[in-house]
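# Summary of the model geometry
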Amino acid sequence: MKKKLIKRVIMQKKVFILIALVFLFNFNLFAGESYSKQEIEKMISKMVILGFSGENINPNDEIYKNIKSGLGGVILFDKDPNDKNKRKNVRNKEQLKNLTAQLQAISKEKLLISIDQEGGIVQRLKKEDGFVDTLKASDVALKGENFAKQTYELLAKDLKQSGINTDFAPVVDLAINKENKVIVTRGRSFGESSKEVIKYSSIFVDELKKQNVISVLKHFPGHGSSLGDSHLGFVDITNTWNEKELEPYKYFIKNNKVDMIMSAHVYNKNLDAINPATLSYNINTKLLRNKLGFQGVLVSDDLQMYAISKHYNLKQTLTLAINSGVNMLLFANQLAKPITLKEIVDTVYAQVLNKEIPLEQIIKSNERINKMINNI
């Protein structure tokens, strides 16, 4: 009896070990291919663009460790929104050049070093800090094509000399709603007609391209007709959006002139009855990918903006965004409590494990990102 009991215990242990081994084996096998936990985490990291504080970098800094872990990109700002007297990343041209060199040197892989440099009210590199001053888009459009070419040539060279390889510009939103406070009244649109917007945004993109700076068209599927500001909360464009707002995107996609597109945190129940564009499969995959034919990188607008963060938790945001077709996840760490790369990676990895996010989405995003950065 005692011997039988011992044999049973031994057998149970063997079965337990076998089950454990099978679990561990499957733990590292996804989509018919072998990927380790570390490899998957690195692929997830590559999909993230983070904001951080610091005018220079050392090995003890969190952002240094993040880049070592495979972070896809950073976004730079001049001022700290929580303390207007404090610098966040940019003090002057020489300091910025040193910072970007430090960032790029951390990893052997190309790092996306991005900034918002449109001109007018949205330019992080300012005249008083030694950079070129750029007029707002609406004023550039009034001065004609030659002026636009000279303007964006200087801007692009400034970025290149500063070590920045990605500009979240140009805005291709149409100035449809004259009361629009986030785009139109700030002069961020080149005009009401798609023809004018295409003309001047093309010049902008061409000049960036000459300097090997990635351009980012924004904000898909159109923010120029909105009544609200998605930085502050939910924005419904159901009754104001017009299909002609897609025309700039159609032009750039058809002519193979677009590297990256940024989604908008706007809601249109006629396009998606549940989610805003950034989290919408109907908009990002069915419309942008399948109907318009976009094959490049889709980046989210800042996922900490209140239009998203007030309505979705981190797990919901990341799951919906990735499954919708977003390839790069932007967390500017400007308007809310800073989020860490570890939080993002751990959340996405757990969702991959429980099959809520297909690994194929992660792999495809990395393929798109790699193809883009190999061209700069």
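Just above, that's the structure.
Residues numbered from 1 in each chain as written. Predicted model: local features only at pLDDT ≥ 70, side-chain atom pairs only at ≥ 80, totals over all residues. Heavy atoms only, no water.

### Quick notes on the pattern of salt bridges
Where charged atoms from two side chains of opposite charge come close, those side chains can pair. Test applied: Any Lys or Arg side-chain nitrogen found within 4 Å of a carboxyl oxygen on Asp or Glu counts as a salt bridge. Numbering of helices and strands runs from the N terminus; a helix is a DSSP stretch of H or I covering at least four residues, while a strand is a stretch of E covering at least two. When a residue's accessible area, from a 1.4 Å probe over protein chains only, is under 20% of the maximum for its type it is buried; when over 50% it is exposed; and in between it is partly exposed.
As enumerated under the stated definition, the model contains 21 salt bridges in all. Between Asp346 and Lys342 there is a salt bridge whose closest N-O contact spans 2.5 Å. Here Asp346 and its partner Lys342 are both found in helix α12 (residues 341-353), four residues apart, which amounts to about one turn of the helix. On the accessibility criterion, Asp346 (34% relative accessible area) is partly exposed. We note a salt bridge from Glu367 to Lys364, for which the minimum N-O separation is 3.9 Å. A residue pair is termed a helical-turn pair when its members lie 3 or 4 positions apart in one helix, as Glu367 and Lys364 do in helix α13 (residues 359-373) at three residues. Lys364 gets classed as partly exposed once you look at its relative accessible area, which sits at 37%.

### Some details on the side chain of Thr134
Quick note on the threshold: We call two residues contacting when some pair of their heavy atoms lies within 4.5 Å.
Structurally, the position occupied by Thr134 is in the loop between β9 (122-123) and α5 (137-143). On the basis of relative accessible area, Thr134 is assigned to the buried category, the value being 2%. When neighbours within four sequence positions are excluded, Thr134 is seen to be in contact with Glu118, Gly119, Gly120, Gln123, Thr151, Tyr152 and Leu155.

### Quick notes on the sheet that holds strand β16 (residues 329-331)
Rules: Any two strands between which DSSP finds at least two bridges are classified as paired.
Strand order in this open sheet of eight strands is β15-β13-β11-β10-β7-β4-β3-β16, and the pairing throughout is parallel. Strand pairing shows two members of the sheet lacking a second neighbour, β15 (297-299) and β16, which therefore form its edges.

### Describing the environment of Asp301
Looking at the element boundaries, Asp301 is found in the loop between β15 and α10 (306-309). Sequence-wise, Asp301 and Met262 are 39 residues apart; in three dimensions their C-alpha atoms are separated by 6.0 Å. Residues within four places of Asp301 in sequence aside, it is in contact with His219, Met262, Ser263, His265 and Leu330.

### Overview of the layout of surface pockets
Note the following rule: The way it works is a 1 Å grid over only the protein atoms, where trapped points that fit a 1.4 Å probe form a cavity and open points with protein on both sides within 12 Å along at least five of seven lines form a pocket, and then any residue with an atom within 4 Å of a point lines it. Grid points are joined across faces, edges and corners, and a volume is the space filled by probe spheres set on the points. For this classification, the nonpolar set comprises Ala, Val, Leu, Ile, Met, Phe, Trp, Tyr, Cys and Pro, the charged set comprises Asp, Glu, Lys and Arg, and every other residue, Gly included, is treated as polar.
Of the voids in this model, the second largest pocket is the one considered here, and its volume is about 500 Å³. Along the walls of the second largest pocket sit 19 residues, with Asn256, Val258, Asp259, Gly296 and Lys371 positioned nearest its centre. Every element with two or more residues in the lining of the second largest pocket is listed here: α7 (194-210) and α13. Ranked by residues supplied to the lining of the second largest pocket, first place goes to α13 with five residues. For the lining of the second largest pocket, the class distribution of residues is six nonpolar, five polar and eight charged.

### Some words on unusual backbone geometry
Residue Ala169 is joined to Pro170 through a cis peptide bond whose omega torsion reads 5°. Residue placement: Pro170 occurs in the loop between β10 (166-167) and α7. Look at the link from Phe220 to Pro221: it is a cis peptide, with omega at 5°. Looking at the secondary structure, you find Pro221 in the loop between β11 (214-220) and β12 (235-236). One non-glycine residue, Asn333, adopts positive backbone phi at about 55°. Locating Asn333 in the fold gives a position in the loop between β16 and α12.

### Comments concerning the packing of helix α4 (residues 93-106) against helix α6 (residues 145-162)
As a reminder of what qualifies: With axes taken as lines fitted to C-alpha atoms, and helix axes fitted only over the stretch in contact, angles between N-to-C directions fall between 0 and 180 degrees. The cut-offs work like this: below 35 degrees is roughly parallel, past 145 is roughly antiparallel, 65 to 115 is roughly perpendicular, and the gaps in between are oblique.
The contact between α4 and α6 brings their axes to 8 Å, and the two run at 55°. Classed by the angle they form, the pair α4 and α6 counts as oblique. Here Lys93, Leu96, Lys97 and Thr100 of α4 lie close against α6, whose contacting residues are Asp158, Gln161 and Ser162. A per-class count over the contact of α4 with α6 returns one nonpolar, three polar and three charged.

### Focus: empty space enclosed by the protein
In this structure the tally under the stated criterion is two cavities of 30 Å³ or more. Residues belonging to the lining of the largest cavity are distributed by class as follows: seven nonpolar, two polar and four charged.

### Some points on the environment of Leu208
Here Leu208 shows up in helix α7. Its relative accessible area of 0% is what places Leu208 among the buried residues. Sequence-wise, Leu208 and Lys160 are 48 residues apart; in three dimensions their C-alpha atoms are separated by 8.7 Å. Contacts of Leu208, omitting those with residues within four sequence positions, involve Leu155, Ala156, Leu159, Asp167, Ala169, Val213 and Ser215.

Function cannot be inferred from these measures alone, as they are strictly geometric.
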